[in-house]
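Here is what each chain is made of, one letter per residue.
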Amino acid sequence: MITLQQDAEGFVRMNRHYPASVRIAIAFNDGTSGIYSGKALNAAYDAAVAEFRAKNGLDARGFDRKPAARTNSGNRVDFVRVHPGMGE
């Protein structure tokens, strides 16, 4: 089992997918905790990546299709917003 702690802004550190069958315990700021499947957190991660790409004008694969120029390659999400009672 993996244990994650929610930070003050409501996020957990998650920079990759977890196996769908793994159980993940999240300790929330309000003192509650919950156990979720890797599949549920992977869905939250995918939603965060999609939102990041939409805000930054990237395509579905994370590429900027504007004319080539040197840019920062920090095209990734490290933190995912979570809340008690997330559905599976």
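Quick look at the structure, then.

## Focus on the pattern of salt bridges
- A full pass over the atoms with the stated rule returns one salt bridge.
- With its nearest N and O atoms 3.6 Å apart, the salt bridge here joins glutamate 51 to lysine 55. Placement of the pair is glutamate 51 and lysine 55 together in helix α1 (residues 38-55), with a separation of four residues, close to one helical turn.
- For glutamate 51, a relative accessible area of 47% translates into the label partly exposed.

## Thoughts on the sheet that holds strand β3 (residues 23-27)
- On the basis of which strands lie adjacent, the open sheet formed by three strands has the order β1-β3-β4 and mixed pairing. In this open sheet, the two edge strands, each paired with only one partner strand, are β1 (2-5) and β4 (33-37). Neighbouring strand axes in the sheet, compared pairwise and without regard to direction, differ in orientation by 25° on average.
- Note that β3 and β4 share five bridges and pair antiparallel. In the sheet register, arginine 23 faces β4, and the bridge partner there is serine 37.
- Here α1 sits on the sheet in contact with β1, β3 and β4, set at roughly 90° to β4.

## As for the environment of asparagine 42
- Relative to the elements of secondary structure, asparagine 42 occurs in helix α1.
- Placed 22 residues apart in sequence, asparagine 42 and alanine 20 show a C-alpha to C-alpha distance of 7.6 Å.
- Sequence-distant contacts of asparagine 42, defined by excluding residues within four places in its chain, comprise Met14, His17, Tyr18 and Ala20.
- Separated by 2.7 Å, the side chain of asparagine 42 and the backbone oxygen of tyrosine 18 make a polar contact.

Definitions and cut-offs
- Residues numbered from 1 in each chain as written.
- Predicted model: local features only at pLDDT ≥ 70, side-chain atom pairs only at ≥ 80, totals over all residues.
- Heavy atoms only, no water.
- Salt bridge = Lys/Arg side-chain N within 4 Å of Asp/Glu carboxyl O.
- Helix = DSSP H or I, 4+ residues; strand = E, 2+ residues; numbered from the N terminus.
- Buried < 20%, exposed > 50% of the residue type's maximum accessible area, 1.4 Å probe, protein only.
- Pairing = 2+ DSSP bridges.
- Axes fitted to C-alpha atoms, helices over the stretch in contact; angles between N-to-C directions.
- Contact = heavy atoms within 4.5 Å.
- Polar contact = N/O pair within 3.5 Å; in protein donor to acceptor, adjacent residues only side chain to side chain.

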